[in-house]
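# What the coordinates show
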Amino acid sequence: MLSALTEKQEMVYLTHELSKERLLEIRQTQHFYCPACHEQLVLKIGQVMIPHFAHRKNEHCQVFSEGESALHLQGKYALYRWLQFQHMPVLVEPYLKAIQQRPDLLIQQQDKYIAVEFQCSALTPKRLTKRNKGYQKLGIEPLWIAKAKPSFYEGVQCVQLAPFYQQFILNRQLLTFDVEREQLQMYDHLIHIAGRRYLTTAKRTPIHHQPFPLELVIPFEQEKIAEQWLQERERYLVNRLRFNRRGIQDSFFKLCYEHKIMLQALPNWIGIPSSVQLSVHPVEWQLALTCFIRSGVTQDLSSQLYHHNRTWRIPERAIRTYIDFVQRENPNLSWQDLEISSISEEIYRQYVALKFDN
Ligand SMILES: [Zn+2]
């Protein structure tokens, strides 16, 4: 923690650079207490972490119970300095008694409040929802910033996001902060492919060049994104073939075989990303769906697909959107490629045009 109460019930903050000597002096003469549970705190002045307060035994405290890492402390400190530099009214670790929460930072922006949470440790979906609900109750807008991934590249790419990162995606954007480089790293236009894989356009900005409020506009480069999508689809098919141990018994290859279609000739409209997040790759369910329709099964496609593979559970909405698109572009479902531009147009329509609708 960077904040504490003194004996006189005054808040103190370790947000300004104080010399080690000065801090040691303060520690000699003052006692500090937790603003939430009022337990006595220790002022830690060490070599590794920046100076901070900590509970002696933190298992009793509900609000400040997260063991704070050096990365978290330092990131919080850097973000605070950045916002202060922008002359934003910002509080560090304010304890919001009504909801018993303590965001890392609280910014006042005209008549609204924004709670910044710099998240470095795992958070259960339940706790994330609870915190968001708490903020909602007070009319505070949360801004989740996750710690940076170990490596970062700019531009259009395919990226793997662990569930830790997936939970902070909002409006198809993910904001991360690289504490060491003092960079905001933004993943925009996130398009889920399957499992942990996403198409995205990424950009980094040194925080000192980044004004607040954040207006991170990254253009949607439709052609490049479609190209990246084709590569990703190709990669999937190659791996699918390489790691198939069931031969023709594998449901995917069985379908290809039965419908006399070579893997290399699989038309490009099979494998289009869906705006519904699914664990199965779109190539799988879209081939199955196409084969069902071609063989005359049109009734209740979602339950057909469901029975085809019980783990898929493709929602009606995804099926409907896909069929509408394919039947509009290729009414006979012939095994021919579509113009890549019409596919990229569809991706754009689903992901950018509808971005703020769902
Ligand atoms: Zn406490």
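So, how was this worked out
Position numbers for residues count from 1 along each chain, tracking the sequence in the order it is written. The model is predicted, so local features are restricted to residues of pLDDT at least 70 and side-chain atom pairs to those at 80 or more, both for listing and for counting; the totals for chains, interfaces and linings are taken over all residues. Elements are defined by DSSP. Helices are runs of H or I of four residues or more, strands are runs of E of two residues or more, and each kind is numbered from the N terminus. Partly exposed residues are those falling between the two cut-offs: more than 12 but fewer than 20 other C-beta atoms within 10 Å of their own, whereas 20 or more means buried and 12 or fewer means exposed, with C-beta atoms placed from the backbone. Here contacts are defined at the residue level, using C-beta atoms placed from the backbone and a cut-off of 7 Å between them. Residue ranges for the domains trace back to a domain assignment, done automatically or taken from a database. The pairing criterion for strands is at least two bridges between them, as found by DSSP. Orienting the strands away from the viewer, one traces the path from the first strand over the helix to the second; a clockwise path indicates a right-handed crossover. Every angle, taken between N-to-C directions, lies between 0 and 180 degrees, and every axis is a line fitted to C-alpha atoms, over only the stretch in contact when it is a helix. In this description, a nonpolar core means buried residues of the types Ala, Val, Leu, Ile, Met, Phe, Trp, Tyr and Cys, linked to one another by C-beta atoms lying within 7 Å. UniProt positions are given in the numbering used here, feature names are shortened, and annotations may be inferred rather than shown by experiment.

As a further point, take the overall build of the protein. Each helix and strand counted, the protein has 10 helices and 13 strands in total. Along the three orthogonal principal directions, the C-alpha set of the protein runs to about 85 × 40 × 40 Å. The buried share of the protein, reckoned over its 358 residues, is 28%. Of all intrachain contacts in the protein linking residues separated by at least 6 positions in sequence, the fraction that spans at least 24 positions is 60%.

Domain annotation of the protein identifies domain 1 (1-65), domain 2 (69-219) and domain 3 (224-353). Here the C-alpha centroids of domain 1 and domain 3 sit 57 Å apart.

What follows covers the sheet that holds strand 5 (residues 52-55). On the basis of which strands lie adjacent, the open sheet formed by 5 strands has the order 2-1-3-4-5 and antiparallel pairing. Single-partner strands in this sheet number two, and they are strand 2 (11-13) and strand 5. Where strand 1 (residues 3-6) and strand 3 (residues 32-33) come together, 2 bridges link them in antiparallel fashion. Counted as the bridge partner of Leu5 is Tyr33 from strand 3.

Attention now moves to the pairing of strand 8 (residues 112-119). Taken across its 8 residues, strand 8 has 7 buried, putting it largely inside the fold. With 5 bridges connecting them, strand 7 (residues 105-109) and strand 8 associate as antiparallel partners. Paired with Leu105 across the strands is Val116, a residue of strand 8. Linking strand 7 to strand 8, which pair antiparallel, is a turn of 2 residues; within it Gln110 sits at a positive phi near 50°. Relative to strand 9 (residues 140-147), strand 8 runs parallel, the two sharing 7 bridges. Following the sheet pairing, Ala115 is matched in strand 9 by Pro142. With respect to chirality, the unit in which strand 8 leads through helix 3 (residues 125-137) into the neighbouring parallel strand 9 is right-handed.

Right, let's talk about unusual backbone geometry for a bit. The peptide bond linking Phe212 to Pro213 adopts the cis configuration, its omega dihedral lying at 0°. In this structure, Gln9 is a non-glycine residue whose phi angle is positive, near 65°. Along the chain, the position of Gln9 falls in the loop between strand 1 and strand 2.

Strand-to-strand pairing in sheets goes through backbone hydrogen bonds, with the strands running parallel or antiparallel. A sheet is described by the order of its strands in space; here 8 strands give the open sequence 6-7-8-9-11-12-13-10, paired in mixed fashion. The sheet terminates laterally at strand 6 (90-92) and strand 10 (155-160), the two strands that pair on one side only. Here the strands of the sheet are splayed against their neighbours by 30° on average, with no regard to which way each runs. Across 5 bridges, strand 11 (residues 174-178) lies against strand 12 (residues 183-194) in antiparallel orientation. Residue Leu174 lies in a different strand from strand 12, and its bridge partner there is Tyr187.

The subject of this paragraph is the nonpolar core. Judged by nonpolar contacts, the single largest core of 68 residues is most densely connected at Leu79, Leu105 and Val116. The greatest single-element share of this core, amounting to 7 residues, is contributed by strand 12. For Leu79, the residues in contact, after removing those within four places along its chain, are Leu105, Val116, Phe118 and Phe177.

Here we take up the environment of Ala36. Relative to the elements of secondary structure, Ala36 occurs in the loop between strand 3 and strand 4 (40-44). Ala36 sits in the buried class, given 20 other C-beta atoms within 10 Å. Residues in contact with Ala36, not counting those within four places in the same chain, are Cys61, Val63, Phe64, Tyr95 and Arg102.

The next subject is the UniProt feature "domain: Competence protein CoiA nuclease-like" (unreviewed entry) in the protein. The sites that UniProt annotates as "domain: Competence protein CoiA nuclease-like" (unreviewed entry) are residues 68-212. In residues 68-212, the share of helix is 23% and the share of strand is 39%. The end C-alpha atoms are 26 Å apart.

What follows is about the environment of Ser302. Residue placement: Ser302 occurs in helix 8 (residues 301-308). Overall, the presence of 17 C-beta atoms within 10 Å leaves Ser302 in the partly exposed class. A C-alpha to C-alpha distance of 9.3 Å links Ser302 and Arg320, two positions 18 residues apart in sequence. Setting aside chain neighbours within four positions, we find Ser302 in contact with Ile314, Glu316 and Ile319.

What follows concerns the environment of Pro211. Within the element layout of this structure, Pro211 appears in the loop between strand 13 (197-206) and helix 5 (222-242). With 10 C-beta atoms packed within 10 Å, Pro211 lands in the exposed category. Considering only alpha carbons, one finds Pro211 and Trp82, 129 residues apart in sequence, at a separation of 9.1 Å.

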